Amino acid sequence: MKCLSEDQLMAYYSFELADADNQQIEKHLKSCPLCQEKAALIEHLTFEWQQPMKEAPLDFSKKVMRRTHGPLPKRRKRKLYYQLSLAGVAALLFLQFNLPMQIIQLTDQTVNAVHITSKKFNQVVQHKKNGFQKNLEERKDGGPKK
Ligand SMILES: [Zn+2]
């Protein structure tokens, strides 16, 4: 008997063959290490196929995706890469250009500018008030001149 094919072995381990065929296969397996090796693999695969796990493991879909689509779907990988590079740029800005200090300084400058502006505004208001009062007093003092 010549060596067994994968189809024959699968049929054997799936109990699809007649008794006579089974006996022939068993006879060959006893004498052929090559087919024993092949048979061990097919027996294992057939067993796994016939006894699927009742619940898929948590990372089952990840495993399937990995097997069918390579490491990760491209779009997700690109998005992840994009997010990582954004985070990298942000970290770089913070470290290299001391962004927090700049933000604090900028805030201080803004507060100072607002403070100075309001001070100047008050001065202007005060000046106008003074001018108005001075004007009023002058009118009072002078009175209507005839
Ligand atoms: Zn063989």
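Residues numbered from 1 in each chain as written. Predicted model: local features only at pLDDT ≥ 70, side-chain atom pairs only at ≥ 80, totals over all residues.

Here we come to the overall build of the protein. Within the protein, the regular secondary structure consists of 6 helices and 0 strands. When the helices and strands of the protein are placed in sequence order, the string is α-α-α-α-α-α. For the protein, the residues scored as buried account for 5% of the 146 residues in total. (Helix = DSSP H or I, 4+ residues; strand = E, 2+ residues; numbered from the N terminus. Buried ≥ 20, exposed ≤ 12 C-beta atoms within 10 Å, placed from the backbone.)

Axes are the key here: two packed helices are described by the angle between their axes and the distance separating the axes. Between helix 1 (residues 6-13) and helix 3 (residues 33-50), the shortest axis-to-axis distance is 9 Å and the interhelical angle comes to 50°. The orientation of helix 1 with respect to helix 3, classified from their angle, is oblique. In the packing of helix 1 onto helix 3, the handedness of the crossing is right-handed. In this structure, helix 1 uses Glu6, Leu9, Met10 and Tyr13 to contact helix 3, whose residues at the interface are Lys38, Ala39, Ile42, Glu43 and Thr46. When the residues that make up the contact of helix 1 with helix 3 are grouped by side-chain class, the tally is 5 nonpolar, 1 polar and 3 charged. (Axes fitted to C-alpha atoms, helices over the stretch in contact; angles between N-to-C directions. Parallel < 35°, antiparallel > 145°, perpendicular 65-115°, else oblique. Left-handed = near helix turned anticlockwise from the far one by under 90°. Contact = placed C-beta atoms within 7 Å. Nonpolar A, V, L, I, M, F, W, Y, C, P; charged D, E, K, R; others polar.)

Attention now goes to helix 2 (residues 19-31). The end-to-end C-alpha distance of helix 2, which contains 13 residues, comes to 19 Å, matching closely the 18 Å that a straight helix rising 1.5 Å per residue would cover. Burial of helix 2 is sparse: only 1 of the 13 residues sit out of reach of the surface. (Expected span 1.5 Å × (residues − 1).)

The next thing to look at is the nonpolar core. If you look at the biggest cluster of nonpolar residues, it comprises 7 residues: Leu4, Leu9, Tyr12, Ile25, Cys35, Ala39 and Ile42. For this core, the secondary-structure elements that each account for two or more residues are helix 1 and helix 3. In terms of residue count, helix 3 provides more of this core than any other element does, 3 residues in total. Beyond its immediate stretch of four places on either side in the chain, Tyr12 contacts Leu17, Asn22 and Ile25. (Core = buried A, V, L, I, M, F, W, Y, C linked by C-beta atoms within 7 Å.)

Notably, Phe15 is not glycine yet its phi reads approximately 60°, a positive angle. If you trace the backbone, Phe15 turns up in the loop between helix 1 and helix 2. The class of Phe15 is exposed, set by 9 C-beta atoms lying within 10 Å.

So, on to helix 1. Within the sequence span of helix 1, burial applies to Gln8, Leu9 and Tyr12. On an axial view of helix 1, the arc spanned by its buried residues comes to 95°, and they lie on one face. With respect to the buried face of helix 1, the exposed residues turned more than 90 degrees away are Glu6 and Asp7. Looking at the buried side of helix 1, the elements it contacts are helix 2 and helix 3. (Arc of directions from axis to C-beta.)

Low pLDDT marks regions whose predicted coordinates should not be analysed in detail. For the protein, per-residue confidence averages 78 on the pLDDT scale, and 71% of positions sit at 70 or higher. Taken element by element, the predicted model of the protein shows its lowest mean pLDDT in helix 5 (residues 74-96) (67) and its highest in helix 2 (95). (pLDDT = per-residue confidence, 0-100.)

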